[in-house]
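# An overview of the molecular structure
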Amino acid sequence: MKKLILTLIIFVSFLTKAQITLIPDQNFENYLVHWGFDSDGLINGQILTSDALTVTELDFINKSPNNFPYVGNLDGFNDFTNLEILKVINDATNISFSNLSNLKKIYLDNCDLNSFDATPLSSLEELELDNTTLDVPAREIRELDFSNSPKFNYLFVRELRNLERISLRNNQASAVSIILHAGSDYNICIEVDNPLDATNNLPPYDNWSITWDGVHDYTNFYFSDVCTLKTEKFVNEIFKIYPNPATEYVSIEQKTTDGVTLQSVQILDSSGKWIKSIKNNFNQIDVSNLSKGMYLFVIQTDKGNKTEKVVIK
């Protein structure tokens with residue numbers, strides 16, 4: 001019996017050590033091999049997950065071994081849970097950062113994102129979205145919400161012509177710099193805790209800099225404590241969460257599907273800390289494992305978001 005138990009322990013230990021992360025993009029894995037992060041040293045479409053945990057920086061822009069910084073497939077990078085810096089050229093329309101709460105700096109070049117969800121990025125300090133593909137100038141990103149990233153202090157965006165809202169609520173950085181290049185066709189609403197002080201350039205907002213292309217003053221913005229997207233009112237009207245309060249399950253009711261696609265539901269605790277992401281089965285979301293209390297359910301669609309308070313009993 002003791003021998004059987006010992007065998008099982010060794011077997012389970014082996015399985016744990018042998019966990020792998022699939023890296024389908026050859027340029028991605030070539031980078032890992034070159035910098036010694038892939039312990040088997042082979043381009044074979046995978047690395048040990050334990051190897052991924054040793055990586056704190058993926059800089060394909062400045063440190064690509066073959067001077068080819070483009071990575072066509074980022075599958076696998078969510079296992080790099082200790083990652084702090086990501087710099088890459090990638091034209092994906094959707095990138096998930098669900099497991100990367102340690103990320104501090106993100107630079108995405110040539111990106112064609114439909115949205116950017118910063119909810120899991122509680123350590124994020126800097127973001128650059130450099131859209132240089134001029135033949136597709138009208139991007140789908142309408143809002144950038146950094147309210148769950150209290151240390152966020154630097155934003156550079158290029159060619160986000162649909163951008164309407166930047167949320168910097170809960171910001172605790174000593175200084176903030178926002179640089180907008182060839183930006184929105186609309187007034188950009190910047191959401192802050194105290195819009196009156198921000199408008200009058202009073203502390204701490206006197207250490208904030210909002211510029212056009214880093215040179216000329218950019219005046220097509222305003223401060224508010226609640227920014228509403230043009231499509232947000234419509235989204236608010238067609239979605240409902242029930243029952244509320246709930247004990248085991250909640251459902252997302254969509255009154256009409258005309259022009260709006262439900263993409264995901266983010267669940268946050270009452271302080272705004274991200275709990276988990278729901279990508280399907282919106283008509284029966286299991287909440288039985290959540291502690292009693294109030295939660296924020298962020299309904300994310302391709303036309304904007306709706307946030308609703310839900311009580312778990």
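Residues numbered from 1 in each chain as written. Predicted model: local features only at pLDDT ≥ 70, side-chain atom pairs only at ≥ 80, totals over all residues. Heavy atoms only, no water.

Examined against the element boundaries, L32 turns out to sit in helix α2 (residues 26-34). If near-sequence neighbours (up to four positions away) are discounted, L32 is found in contact with I23, F37, D38, I47, L58 and F80. (Helix = DSSP H or I, 4+ residues; strand = E, 2+ residues; numbered from the N terminus. Contact = heavy atoms within 4.5 Å.)

Following the criterion strictly, the structure yields one disulfide and no others. Disulfide partner of C189: C227, at an S-S distance of 1.9 Å. Residues C189 and C227 are joined through a disulfide that is left-handed, its torsion about the S-S bond being -75°. A residue pair is termed long-range when its members are at least 10 positions apart, and C189 in strand β11 (residues 188-191) and C227 in the loop between β14 (221-224) and α5 (232-238) qualify at 38 residues. Across the pair, C227 and C189 agree in class, each one buried. (Disulfide = S-S within 2.5 Å. Buried < 20%, exposed > 50% of the residue type's maximum accessible area, 1.4 Å probe, protein only.)

What follows covers α2. If you check which residues of α2 are buried, you get N27, F28, E29, Y31 and L32. In the core, the buried residues of α2 are packed alongside β2 (46-48) and β3 (57-59). Two or three places before N27, at the start of α2, stands the capping residue D25, its side-chain oxygen 3.0 Å from that residue's backbone nitrogen. Directly after α2, the chain includes G36, whose backbone phi takes a positive value near 80°. (Polar contact = N/O pair within 3.5 Å; in protein donor to acceptor, adjacent residues only side chain to side chain.)

In short, geometric facts, not functional conclusions.
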